[in-house]
Amino acid sequence: MGVATGTSSSSTTIFSPSILKKIILSYTYVAIWIFLSFTVIVYNKFILDKKLYNWPYPISLTLIHMGFCSSVAFLLVRIFPVVDLPSSMSPRLYLSSVVPIGALYSLSLWLSNSAYIYLSVSFIQMLKALMPVAVYSIGVLFRKDAFKSSTMVNMLAISFGVAIAAYGEAKFDTWGVLLQLGAVAFEATRLVLIQILLTSKGINLNPLTSLYYIAPCCFVFLLLPWIAVELPLLKENSTFHFDYFIFGTNSFCAFALNLAVFLLVGKTSALTMNVAGVVKDWLLIAFSWSVIKDTVTAVNLFGYGLAFLGVAYYNHLKLKALREKEEAERKDEEVDDEESGRLLYQREGDGTTRRNESEG
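Keep in mind it's a predicted model, so treat the numbers as computed, not measured. (Residues numbered from 1 in each chain as written. Predicted model: local features only at pLDDT ≥ 70, side-chain atom pairs only at ≥ 80, totals over all residues. Heavy atoms only, no water.)

Before we go on, may I ask you to explain the overall build of the chain in this structure?
Tallying secondary structure elements over the chain gives twelve helices and zero strands in all. In the chain, once contacts between residues fewer than 6 apart in sequence are set aside, the share between residues at least 24 apart is 84%. Of the roughly 20,400 Å² of accessible surface on the chain, a fraction of 66% belongs to carbon and sulfur atoms. (Helix = DSSP H or I, 4+ residues; strand = E, 2+ residues; numbered from the N terminus. Contact = heavy atoms within 4.5 Å. Areas by Shrake-Rupley, 256 points an atom, 1.4 Å probe, with all protein chains shown as cover.)

Below you can see the structure in the form of structure tokens.
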């Protein structure tokens, strides 16, 4: 009877309205993030591809994004204060920590947007599977991660899968691949430097405050190559007229994506975003093949399948390590509580003894 009652109680807890509400909200946040990420990638491809909108100016597009994000972030932080800025952010810290991160972010965005001119959406998603490899390798290089042979074997398996996918790519372009690999390297370095330069100093920026600090920095870094490389080309292209609807909605989607990241990570976890990213990549590959009519070969899918398994296993190990860490912290808290209770009991006992002796 007791077991049955426990089971019934457990079932009631699992399917209680509050639990169901949390599950529904979590899936809603995931769906919003996937939709916006999907939209921004496809929209950028549409604008930059010479066979579609035919506006092959990746620095200009990234510059527009950063200008829009800087303006809206300033409004939401300074004019309509939606979030608070960290009090510990000094001009010296900004120059030593935020500026290097902004430089890396501008390079990552520039190169990744440039890759859309030369590569298919599906193949770019396959190359992005190398991100865990890059983050782990750079983390080891900067001594933020410990070197483990088992983890490195997993990283090599992911790399091998991506190499097979690249071998099977029907429209392989060396320059496009180099651009995307460069974007992955710069983005991975940025993620590691965030841990070293900001998180380790107790500064945690959400996507809105990150945009407030980093977007203007990116804008300045991109301005120099834009003046040297793309501005002369735009001046020669006398037929171009700025389409406020196209670039306005594209920039809004890019900004909304950052807010969706805030919702997803803030309400669930970064690991949830990683898992959702895998789902998004498969959806993009399917969309690229079925709608954009990009060629996806069997060798492509086989190689990416291997890389996908490697990434899934890596996420599984991260989740396992996170659970073990939380369990260890919980046990430490229980030990501390027991020790505090024992000391309190001992003090109360000593006080009672002294009162008895005094009364005697």
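Having seen the structure, we can now continue with the description.
What's the story with the environment of Lys 50 in this structure? I'm lost.
Note that Lys 50 resides in the loop between α2 (17-48) and α3 (58-79). As a C-alpha pair, Lys 50 and Tyr 116 span 66 residues in sequence and 9.8 Å in three-dimensional space.

Would you take a moment to explain the packing of aromatic side chains for this structure?
By convention here, two paired aromatic rings are described through the distance between centres and the angle between planes. Scanning all chains against the criterion turns up 13 aromatic pairs. Summarising the aromatic geometry, the rings of Phe 46 and Tyr 53 are spaced 5.6 Å apart at their centres and angled 45° between planes, so their arrangement reads as tilted. A residue is classified by how much of its surface remains accessible, and Phe 46, at 33% relative accessible area, is partly exposed. When its relative accessible area of 25% is taken as the criterion, Tyr 53 is described as partly exposed. (Phe/Tyr/Trp six-rings, centres within 6.5 Å; stacked < 30°, edge-to-face > 60°. Buried < 20%, exposed > 50% of the residue type's maximum accessible area, 1.4 Å probe, protein only.)

Would you mind going over helix α8 (residues 174-198) with me for this structure?
Structural remark: α-helix, 3.6 residues per turn; residues separated by three or four positions point the same way. An ideal rise of 1.5 Å per residue puts 36 Å on 25 residues; α8 measures up with 35 Å between its terminal C-alpha atoms. A side-chain oxygen of the first residue of α8 lies 3.1 Å from the backbone nitrogen of Trp 175; this N-cap is Asp 173. (Expected span 1.5 Å × (residues − 1). Polar contact = N/O pair within 3.5 Å; in protein donor to acceptor, adjacent residues only side chain to side chain.)

Teacher, can you tell me more about the packing of helix α6 (residues 131-141) against helix α7 (residues 149-167) here?
When two helices pack together, their arrangement is given by the angle between their axes and by how far apart the axes lie. One can describe the packing of α6 onto α7 by two numbers: an axis separation of 9 Å at closest approach and a directional angle of 145°. Handedness of the α6/α7 crossing: left-handed. Two secondary-structure elements touch here, α6 through Pro 132, Val 133 and Tyr 136 and α7 through Thr 151, Met 152, Met 155, Ile 158 and Ser 159. Along the lines of polarity and charge, the residues of the contact of α6 with α7 split into six nonpolar, two polar and no charged. (Axes fitted to C-alpha atoms, helices over the stretch in contact; angles between N-to-C directions. Left-handed = near helix turned anticlockwise from the far one by under 90°. Nonpolar A, V, L, I, M, F, W, Y, C, P; charged D, E, K, R; others polar.)

Teacher, can you tell me more about the side chain of Ser 122 here?
Structurally, Ser 122 is set in helix α5 (residues 121-127). On the accessibility criterion, Ser 122 (1% relative accessible area) is buried. Polar side-chain contacts of Ser 122 include one of 3.1 Å to the side chain of Ser 120. In contact with Ser 122, other than residues within four places in its own chain, are Ile 285, Ser 288, Asp 294 and Val 296.

What should I look at first to understand the side chain of Ser 108 in this one?
Topologically, Ser 108 is positioned in helix α4 (residues 91-118). Here Ala 183 takes part through its backbone oxygen, which lies 3.4 Å from a polar atom of the side chain of Ser 108. Those residues within four positions of Ser 108 in sequence are excluded, and the remaining contacts are Ala 183, Phe 186 and Glu 187.

So what exactly am I meant to see when it comes to a negative patch on the surface here?
Judged by side-chain charge, Glu 326, Glu 329, Asp 332 and Glu 333 come together as a negatively charged surface patch. Along the chain, Glu 329 turns up in helix α12 (residues 298-359). Judged by relative accessible area, Glu 329 falls into the partly exposed class, the value being 41%. (Patch = residues over 30% accessible without salt bridge, like charges linked within 9 Å, V, L, I, M, F, W, Y side chains within 5 Å. Salt bridge = Lys/Arg side-chain N within 4 Å of Asp/Glu carboxyl O. Lys, Arg positive; Asp, Glu negative; His and termini not counted. Charge placed at Lys NZ, Arg CZ, Asp CG, Glu CD.)

Looking at this structure, how should I read the layout of surface pockets?
Over the atoms, a rolled probe matching the size of one water molecule traces out where space is still vacant. There is about 210 Å³ of room inside the second largest pocket. Looking at the second largest pocket, it is lined by 13 residues, and the ones nearest its centre are Lys 45, Asp 49, Lys 51, Lys 171 and Asp 294. When grouped by side-chain class, the residues that make up the lining of the second largest pocket number five nonpolar, one polar and seven charged. (1 Å grid on protein atoms, 1.4 Å probe; cavity = no way out; pocket = protein on both sides within 12 Å on 5 of 7 lines; lining within 4 Å. Points joined across faces, edges and corners; volume = space filled by probe spheres on them.)

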